[in-house]
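# Commentary on secondary and tertiary structure
Single-letter residue listing:
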Amino acid sequence: MIDRRGWLGSALAGGLAIAAGGLGGRASAQEPKPQTKGRRTVRRPVTARDRTAMRPVLEPWETGLASDPRIETILAPMVETYKPPGMIGAILKGTAITAIGAVGIRKIGSSDPIRVTDQIHIGSCTKAMTATMIGTLFEDQLLAPSTTISELFPDDAPGLHPDFQKVTLWQLLTHRAGLPHDASWWTLAGQTTTEQRRSAMLQLMSKPPLTKPGTTYAYSNAGYALAGLMAEQATGQPWEDLMQERLFAPLNMFSAGFGPPGAGRPGTVDQPFGHHMVRGRLEATRHDNAACLGPAGTVHCTTADWAKFAIAHLRGERADGKLLRAETFRELHTAPKGSQYAAGWIVVNRPWAGGRALTHSGSNTYWYCTIWLAPARDFGILVAANRGDGDVARACDEAVGALIGLA
């Protein structure tokens, strides 16, 4: 997956100035204190039968979603200039999408238009979802930010490098565990994704860390895969089931799943394809990251369902937030001292946001998406394109800037 290399600067008259650069720098080793409140009742698992029985559960604003000409006017030049086959953009205010639009096509060579109700692949924006699911485990006292690898994997700990044995879950969620960017995802031993994630832990943590854990920010897909593994070890459930039961079902995100949109339906164009350049030619594909990389970036969903998750975070620190306590959301939104990366969110200050903004971008190299939330102004922006290479990241950033101006 593509690590975000830039983020938007201050809003100016019709858009935003883009400041490129990494998120490097030193970070404090101090960890947040574990939850001290009394144990909550553990959430009842939601089975597949339960989920079917709950359908359809729609927010009032979902029932009449239609492409807004104002947003189409913003997205059309992005599609023309930067050449993604299609783009979707949405504006959130309060507890709803207030405007959404789509421009372009689902698949190169097809005339089928991309729709505002289509599924998109959110790539590394999955990380905030994984961290949020883990937040429910914090509240149920099944895990704490300070939980270490050696505590959860005592049998494996002797085979791990001593510096990795004390790595905490919070260090994994904030990219400060000293891990490399990735593992050899396609060649890991194991029949299930859980077994493959455990193989990644044994493979990566048997070697010395790249930096002393807790001291340095270094973006790591591997860290999120292992955070997902810690959740699996604590609960005895696969990450995929935990996401369905603890996140998607409570937020009524019934389109959410794993892998590319439309996977398993060859020959159909009922959902958009991802795209990338192959020998100078743009090609459609339904490939994705390896499934074992899931906690770092394999979720797909409609823009409306992504918005439900975004709204939970947009309003999460208020008294009327959904899913988690306000203090848990606040913890997930707080980066370690000296860093800008919290638990799945880059946290920055922007004048147009009225102060603090939460942002992230994601790509599986075939899709690209960007999210910006401004809690103080109670609004956010979502943009996605069904192409992951070229200048599509710039297209998404420019679209965000224009949508902020529209809002």
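Only a predicted model underlies this, so the values are computations on that prediction, with no experimental measurement involved. Within any chain, residue numbers begin from 1 and follow the written order of that chain's sequence. This being a predicted model, a pLDDT of at least 70 is required before a residue's local features are given, and a value of 80 or more before pairs of side-chain atoms are given or counted; all residues contribute to the totals for chains, interfaces and linings. In computing side-chain values, all of the structure's heavy atoms are included and hydrogens and water are not.

## Observations concerning the overall build of the chain
The way it works is that DSSP assigns letters per residue, a run of H or I at least four long becomes a helix, a run of E at least two long becomes a strand, and they are numbered from the N terminus. A count of helical and extended segments in the chain gives 13 helices and 13 strands. For the exposure calls, accessible area comes from a 1.4 Å probe over protein chains only, and a residue counts as buried if that area is under 20% of its type's maximum, exposed if over 50%, partly exposed in between. Burial analysis of the chain (407 residues in total) assigns 60% to the buried set. It only takes one pair of heavy atoms within 4.5 Å for two residues to be counted as in contact. Across the chain, contacts joining residues at least 24 apart in sequence account for 71% of those joining residues at least 6 apart. We get accessible surface area from the Shrake-Rupley algorithm with a probe of 1.4 Å; when it comes to residues, only the shown protein chains can shield them. Accessible area for the chain stands at about 15600 Å²; split by element, carbon and sulfur atoms hold 52% of it.

## Some details on the sheet that holds strand β9 (residues 299-302)
Pairing between strands is defined by DSSP: at least two bridges between them are needed. Strand order in the open sheet formed by three strands is β5-β9-β6, with antiparallel pairing between adjacent strands. The strands lining the two open edges of the sheet, one partner per strand, are β5 (119-121) and β6 (257-258). Two elements, β5 and β9, share three bridges in a ladder whose sense is antiparallel. For His121, the partnering residue across the bridge sits in β9 and is His300. Against the sheet, helix α11 (residues 303-314) touches β5 and β9, its axis set at about 105° to β9. Angular values range over 0 to 180 degrees, each being the angle between N-to-C directions of two axes fitted as lines to C-alpha atoms, with helices fitted over their stretch in contact.

## Remarks on the packing of helix α3 (residues 126-139) against helix α8 (residues 221-235)
Put simply, α3 and α8 touch, their axes get as near as 11 Å, and they point 30° apart. Taken as axis vectors, α3 and α8 run roughly parallel relative to one another. Considering how the two elements wind past one another, α3 and α8 form a crossing that is left-handed. From α3, Lys127, Thr130, Ala131, Met133, Ile134 and Leu137 reach across to α8, where they touch Asn221, Tyr224, Ala227, Ala231 and Thr235. An angle counts as roughly parallel when it lies under 35 degrees, as roughly antiparallel when it exceeds 145, as roughly perpendicular when it falls between 65 and 115, and as oblique in every other case. Two helices crossing with the near one rotated counterclockwise from the far one by less than a right angle form a left-handed crossing, whereas a clockwise rotation gives a right-handed crossing.

## Quick notes on the packing of aromatic side chains
Paired rings are identified among Phe, Tyr and Trp, the last through its six-membered ring, by centres lying within 6.5 Å, and are further divided according to the angle between planes into stacked (under 30 degrees), edge-to-face (over 60) and tilted (the rest). The full count for this structure, using the stated rule, is seven aromatic pairs. Summarising the aromatic geometry, the rings of Trp239 and Phe258 are spaced 5.0 Å apart at their centres and angled 50° between planes, so their arrangement reads as tilted. With a gap of 19 residues between them, Trp239 in helix α9 (residues 239-248) and Phe258 in strand β6 connect regions that are remote in the sequence. For Lys107, the ring lying beneath its charged end belongs to Phe273, and the centroid distance is 4.5 Å. The cationic tip of Lys127 hangs over the ring face of Tyr224; the distance from NZ or CZ to the ring centre is 5.9 Å. Ring-over charges, as used throughout, are those where CZ of Arg or NZ of Lys falls within 6 Å of the ring centre and within 35 degrees of the ring normal.

## Some words on unusual backbone geometry
Of note in the backbone geometry, Arg279 takes a positive phi value of approximately 50° without being a glycine. Along the polypeptide, Arg279 turns up in the loop between β7 (274-278) and β8 (281-285). The backbone of Asp378 sits at a positive phi, close to 60°, despite the residue not being glycine. Topologically, Asp378 is positioned in the loop between β12 (368-374) and β13 (379-385). Since its relative accessible area comes to 16%, Asp378 is described here as buried.

## Some details on the environment of Pro250
With respect to the helices, strands and loops of the structure, Pro250 is situated in the loop between α9 and β6. Note on Pro250: relative accessible area 41%, which makes it partly exposed. When the C-alpha positions of Pro250 and Lys322 are compared, they lie 8.9 Å apart, and in sequence the two are 72 residues distant. Setting aside residues up to four positions removed in sequence, Pro250 forms contacts with Gln244, Glu245 and Leu323.

## A word on the pattern of salt bridges
Side chains that differ in sign of charge can pair as their charged atoms come close. Salt bridges are identified by distance alone: a Lys or Arg side-chain nitrogen within 4 Å of an Asp or Glu carboxyl oxygen. Across all of its chains, the model carries 18 salt bridges by this definition. Across the salt bridge formed by Asp118 and Arg106, the nearest N and O atoms sit 2.6 Å from each other. Taken together, the positions of Asp118 in the loop between β4 (96-104) and β5 and Arg106 in the loop between β4 and β5 put the pair 12 residues apart, joining distant regions of the chain. In this structure Asp118 comes out as buried when scored by relative accessible area, which is 2%. When salt bridges that share partners are traced, they join Arg106, Asp112, Arg115 and Asp118 into one network.

## Some details on the confidence of the model for the chain
Low pLDDT marks stretches whose predicted atomic positions should not be read closely. The quantity called pLDDT is the predictor's confidence in a given residue, expressed from 0 to 100. Of all residues in the chain, 85% attain a pLDDT of 70 or more, and the chain-wide mean is 87. Between residues 1-54, whose pLDDT stays under 50, and residues either more than four places distant or in other chains, the model counts 142 contacts.

## Examining α9
Summarising burial for α9: nine of the 10 residues are buried, a large majority. All buried positions along α9 are accounted for by Trp239, Glu240, Leu242, Met243, Gln244, Glu245, Arg246, Leu247 and Phe248.

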